[in-house]
Amino acid sequence: LKELLFEAARTSGTRNFHLDLGNIGSDAFALLLRHMYTDEVPTGDCSAELVSHLLSACELLQVPSLEGWCETKMQTLLTPETAPAMLVLAEQRGADALKCAALRFSASHVDEVTASRGWRDLMGSSPGLATEVLRTAVGCKRARPPSPSCQLTSDDEADGGDGISGAAAALA
């Protein structure tokens, strides 16, 4: 954080300067500051959007001590609607554990995920990730999850089937 502040002050040439925090909301920034001063992590309910903003703030301001908590929390917030967006976020951030969790969740809930608005957004923005979800759902050997622990197991398949019906419907 110091480096970011010093750089902003140095390049402005004045005592007053503007630090652009992008789309990080005030709630996420307040949680980040609390963590930086107390080492506390947020408690209670946090929305996927808030945790996503908090993760962005952690990366921008270089606070790795809170990044891991954000990734773990996001895994608990996976739903058929949020899984596609979290998959994109994980891919962008190189968060392998989150990507694996989102892939496993999406593959085991393929019917619900492929019927969501989040899936339609994923198909438009990241068709390669959508393909990876479908390959994981049908157990295609060409699917390459980030780690061996990311393989879909029979315990992950909520409907007890092979996920092919949802994958086929998504392709139609």
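Predicted model only: the values in this text are computed from it and were never measured. (Residues numbered from 1 in each chain as written. Predicted model: local features only at pLDDT ≥ 70, side-chain atom pairs only at ≥ 80, totals over all residues. Heavy atoms only, no water.)

Remarks on helix α9 (residues 127-138)
- With twelve residues, α9 should cover 16 Å at 1.5 Å per step; its first-to-last C-alpha distance of 17 Å lies within 8% of that length.
- Residues of α9 that are buried: L129, A130, E132, V133, L134, T136 and A137.
- Looking one or two residues beyond α9, the residue adopting positive phi is G139, at roughly 75 degrees. (Helix = DSSP H or I, 4+ residues; strand = E, 2+ residues; numbered from the N terminus. Expected span 1.5 Å × (residues − 1). Buried < 20%, exposed > 50% of the residue type's maximum accessible area, 1.4 Å probe, protein only.)

Quick look at the nonpolar core
- The biggest cluster of nonpolar side chains holds 40 residues, and the ones touching the most others in it are L32, L66 and C70.
- Those residues in contact with L66 that lie beyond four places of it in its chain are L32, H35, V41, P42, L54 and C58. (Core = buried A, V, L, I, M, F, W, Y, C linked by side-chain atoms within 4.5 Å. Contact = heavy atoms within 4.5 Å.)

Notes on the packing of helix α5 (residues 83-93) against helix α6 (residues 96-108)
- Across the interface, α5 lies against α6 with an axial gap of 8 Å and an inter-helix angle of 150 degrees. When the interaxial angle is binned, α5 and α6 end up roughly antiparallel. For the pair α5 and α6, the sense of crossing is left-handed. Between α5 and α6, the residues in contact are A83, M86, L87, A90 and E91 and L98, K99, A102, L103, F105 and S106, respectively.
- For the contact of α5 with α6, the residue count by class is eight nonpolar, one polar and two charged. (Axes fitted to C-alpha atoms, helices over the stretch in contact; angles between N-to-C directions. Parallel < 35°, antiparallel > 145°, perpendicular 65-115°, else oblique. Left-handed = near helix turned anticlockwise from the far one by under 90°. Nonpolar A, V, L, I, M, F, W, Y, C, P; charged D, E, K, R; others polar.)

With respect to helix α8 (residues 117-125)
- Those residues of α8 that sit buried are G118, W119 and L122. Projected down its long axis, α8 shows its buried positions confined to an angular sector of 100 degrees, all on one face. Across from the buried face of α8, at angles greater than 90 degrees, the exposed residues are R117 and G124. (Arc of directions from axis to C-beta.)

A look at unusual backbone geometry
- Of note, D39 is a non-glycine position whose phi angle comes to about 65 degrees, a positive value.
- Residue placement: D39 occurs in the loop between α2 (26-38) and α3 (48-60).
- Residue D39 is classed as exposed on the basis of its relative accessible area of 61%.
- Unlike most non-glycine residues, Q62 shows phi in positive territory, near 55 degrees.

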